[in-house]
Amino acid sequence: MSAFTARPTAKISAPRRSVRAVRTRAAATVGADFKPGVITGKEHLALLDHAQKNGYAIPAVNCTMSPIINCCMEAAKKANAPMIIQFSNGGGAYMTGKGTGAEATEAAVLGCVAGALHVRTIAKTYGVPIVLHTDHCAKKLLPWFDGLLEANEKYFAENGEPLFTSH
């Protein structure tokens, strides 16, 4: 018999599993308790307090492009639940793209700011509270964080509230 001749194989059956209906729902709906769109300050603290008192977590998604941002807000709308849209150094750089020629830190700041402005522009239309958060950073990424703080201060001066909910 040649090495290339097909050999009969035994049929292996997977064990039967019972099938149960799985019902999914949001951890907690927020209804009219919170304004739709990006929340900051006392509203943010009230949302965290609401989550703790009602025993649910608020999902956070590190976003790297606008379609991901939109999908997160759509999921929050379908669940009638809050969502944390989060930006990281790498995600911000990815959002900016490599073709700009911007230095790495500048690109990361530009991408995070662009993402945050995108969220602020459309978040209210989804009808749920959105938290805009920046990811933690290592000491070597502090220049990126400083750039985000500068953007926050500029946005605050122009709009009376910070660009990001939290850092």
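Everything here concerns the structure above.
Residues numbered from 1 in each chain as written. Predicted model: local features only at pLDDT ≥ 70, side-chain atom pairs only at ≥ 80, totals over all residues. Heavy atoms only, no water.

Q: For this particular structure, what's the right way to read the sheet that holds strand β3 (residues 83-87)?
A: Backbone-to-backbone hydrogen bonds join strands into a sheet, with any given pair of strands oriented parallel or antiparallel. Taken together, four strands build an open sheet; the order of strands is β1-β4-β3-β2 and the sheet is parallel. Single-partner strands in this sheet number two, and they are β1 (37-38) and β2 (60-62). Relative to strand β4 (residues 129-134), β1 is paired through two bridges, and the arrangement is parallel. Looking at β4, one finds that Gly 37 is bridged to Pro 129. Sheet strands in contact with helix α4 (residues 104-122) are β1, β3 and β4, and its direction is about 155° off that of β3. (Pairing = 2+ DSSP bridges. Helix = DSSP H or I, 4+ residues; strand = E, 2+ residues; numbered from the N terminus. Contact = heavy atoms within 4.5 Å. Axes fitted to C-alpha atoms, helices over the stretch in contact; angles between N-to-C directions.)

Q: Would you take a moment to explain the nonpolar core for this structure?
A: Proteins that are soluble and globular tend to have nonpolar side chains buried together. Met 73, Ile 85, Phe 87, Val 119, Ile 130, Leu 132 and Phe 164 are the most contacted members of the largest nonpolar core, which totals 26 residues. Every element with two or more residues in this core is listed here: α2 (66-79), β3, α4, β4 and α5 (142-159). Here this core takes six residues from α4, the largest share from any one element. In this structure, Val 30, Ile 39, Leu 47 and Val 131 belong to the second largest nonpolar core, which totals nine residues. (Core = buried A, V, L, I, M, F, W, Y, C linked by side-chain atoms within 4.5 Å. Buried < 20%, exposed > 50% of the residue type's maximum accessible area, 1.4 Å probe, protein only.)

Q: Any chance you could explain the packing of α4 against α5 here in plain terms?
A: Each pair of packed helices can be summarised by the angle the axes make with each other and by the distance between the axes. At a closest axis distance of 9 Å, the pairing of α4 and α5 adopts a crossing angle of 40°. In this view, α4 runs oblique relative to α5, as classed from their interaxial angle. Pair α4 / α5 crosses with right-handed handedness. Contacts between α4 and α5 pair Thr 105, Ala 108, Val 109, Cys 112, Val 113, Leu 117 and Arg 120 from the former with Pro 143, Trp 144, Gly 147, Leu 148, Ala 151 and Tyr 155 from the latter. Taken together, the residues of the contact of α4 with α5 sort by class into 10 nonpolar, two polar and one charged. (Parallel < 35°, antiparallel > 145°, perpendicular 65-115°, else oblique. Left-handed = near helix turned anticlockwise from the far one by under 90°. Nonpolar A, V, L, I, M, F, W, Y, C, P; charged D, E, K, R; others polar.)

Q: Can you walk me through helix α1 (residues 41-53) in this structure?
A: Count 3.6 residues to each turn of an α-helix, and residues three or four apart come out pointing the same way. With 13 residues, α1 extends 19 Å from end C-alpha to end C-alpha; this agrees with the ideal 18 Å at 1.5 Å per step. What α1 keeps buried is the set His 44, Leu 47, His 50 and Ala 51. Within α1, the buried residues cover an arc of 120° as seen down the axis, which keeps them to one side. In α1, the exposed residues that point more than 90 degrees away from the buried face are Lys 42, Leu 45, Gln 52 and Lys 53. Just beyond α1, the residue with positive phi is Gly 55, at close to 65°. (Expected span 1.5 Å × (residues − 1). Arc of directions from axis to C-beta.)

Keep in mind that these numbers describe shape and distance, not what the molecule does.
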